[in-house]
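Residues per chain, in single letters:
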Amino acid sequence: MKFGQTQPISDICILVEDIDRTVAFYVEKLGFRLRRKAEGFADFHGAGLTLAAWEIDHIGAHCGVSTERAPKMAHKACIAVNLPDAQAVDRWHAELSAAGVPFTGPPEDYVWNARCAYFHDPDGTLWEIYAWIGAGPGDYHEENA
């Protein structure tokens with residue numbers, strides 16, 4: 001049995017500089033509901049898997065992982081939210097922009113058959129909101145995949 005085929009991802013934990021700033025952004029701007037908060041850590045109720053945030057110095061001190069920082073805006077991951085249609089991408093872009101969420105630009109239709117918009121949280125974690133358009137994911141693939 002392959003781990004990746006049998007064990008579903010249950011949580012995504014982003015590493016952050018300031019837990020209070022992160023909680024404020026995710027609650028006030030994106031509408032997540034705080035599930036629990038402890039020293040250097042928080043997680044949120046959401047529709048789907050659990051989103052957690054852990055201060056990088058706290059995880060480093062307690063778990064022995066590196067606290068080396070990537071340069072600001074050097075994205076290492078992208079959290080994506082699949083929306084039902086292109087109009088939903090436009091609606092959420094407008095609503096989140098009005099709430100002060102910093103998008104990189106307006107929604108666009110991309111060659112991979114998706115309408116997407118991108119923003120980042122206060123620590124530079126990249127987010128994508130997207131919806132499949134046209135033929136959806138089916139006709140954009142590697143020829144030798």
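Right, let's walk through the structure included here. (Residues numbered from 1 in each chain as written. Predicted model: local features only at pLDDT ≥ 70, side-chain atom pairs only at ≥ 80, totals over all residues. Heavy atoms only, no water.)

1. Considering the overall build of the chain
Looking only at helices and strands, the chain has four helices and eight strands in total. Ordered by position from N to C terminus, the α and β elements of the chain give α-β-α-β-β-β-α-β-α-β-β-β. Along the first, second and third principal axes, the C-alpha atoms of the chain reach 50 × 45 × 30 Å. Taking all 145 residues of the chain together, the buried fraction comes to 35%. In the form shown here, the chain has an accessible surface area of approximately 9,200 Å², with 54% of it arising from carbon and sulfur atoms. (Helix = DSSP H or I, 4+ residues; strand = E, 2+ residues; numbered from the N terminus. Buried < 20%, exposed > 50% of the residue type's maximum accessible area, 1.4 Å probe, protein only. Areas by Shrake-Rupley, 256 points an atom, 1.4 Å probe, with all protein chains shown as cover.)

2. Looking at the environment of Ser-97
Within the secondary structure layout, Ser-97 lies in helix H4 (residues 86–98). Spatially, the C-alpha atoms of Ser-97 and Cys-13 are 24 Å apart, while their sequence positions differ by 84 residues. Leaving out residues up to four positions away in the same chain, Ser-97 has contacts with Trp-92 and Phe-103. (Contact = heavy atoms within 4.5 Å.)

3. What to know about the sheet that holds strand E5 (residues 78–82)
With mixed pairing, four strands are arranged side by side in an open sheet as E5-E8-E7-E6. On the outer flanks of this sheet lie E5 and strand E6 (108–110), each paired with one strand and no other. Strand-to-strand twist in this sheet, taken as the mean axis angle between neighbours without regard to direction, amounts to 35°. Judged from the three bridges that link them, E6 and strand E7 (residues 114–120) form a sheet pairing that is antiparallel. Each residue of the ladder has a partner; that of Glu-108, found in E7, is Cys-116. Lying over the sheet, H4 contacts E7 and strand E8 (126–132), oriented at roughly 20° with respect to E7. (Pairing = 2+ DSSP bridges. Axes fitted to C-alpha atoms, helices over the stretch in contact; angles between N-to-C directions.)

4. So, the packing of aromatic side chains
Summed over the entire model, instances satisfying the criterion amount to twelve aromatic pairs. Between Tyr-110 and Trp-112, the aromatic rings sit 4.6 Å apart at their centres with planes inclined by 10°, giving stacked as the arrangement. Taking the relative accessible area as the measure of exposure, Tyr-110 reaches 24% and is therefore partly exposed. Between the aromatic rings of Tyr-110 and Tyr-118, the centroid separation amounts to 6.2 Å while the plane-to-plane angle is 80°, which identifies the pairing as edge-to-face. By way of ring pairs, the aromatic residues Phe-25, Tyr-26, Phe-32, Phe-44, Phe-103, Phe-119 and Trp-127 are connected into one cluster. (Phe/Tyr/Trp six-rings, centres within 6.5 Å; stacked < 30°, edge-to-face > 60°.)

5. Remarks on the sheet that holds strand E2 (residues 33–38)
Pairing within the open sheet is mixed, and its four strands lie in the order E1-E4-E3-E2. Two strands bound the open sheet, and with one partner strand each, they are strand E1 (11–16) and E2. Across the sheet, the axes of successive neighbouring strands diverge by a mean angle of 20°, strand direction being ignored. Across the sheet, helix H2 (residues 19–29) is in contact with E1, E2, strand E3 (41–45) and strand E4 (50–55); its angle to E3 comes to roughly 10°. Packing against the sheet, helix H3 (residues 56–63) makes contact with E1 and E4, and its axis sits at approximately 80° to E4.

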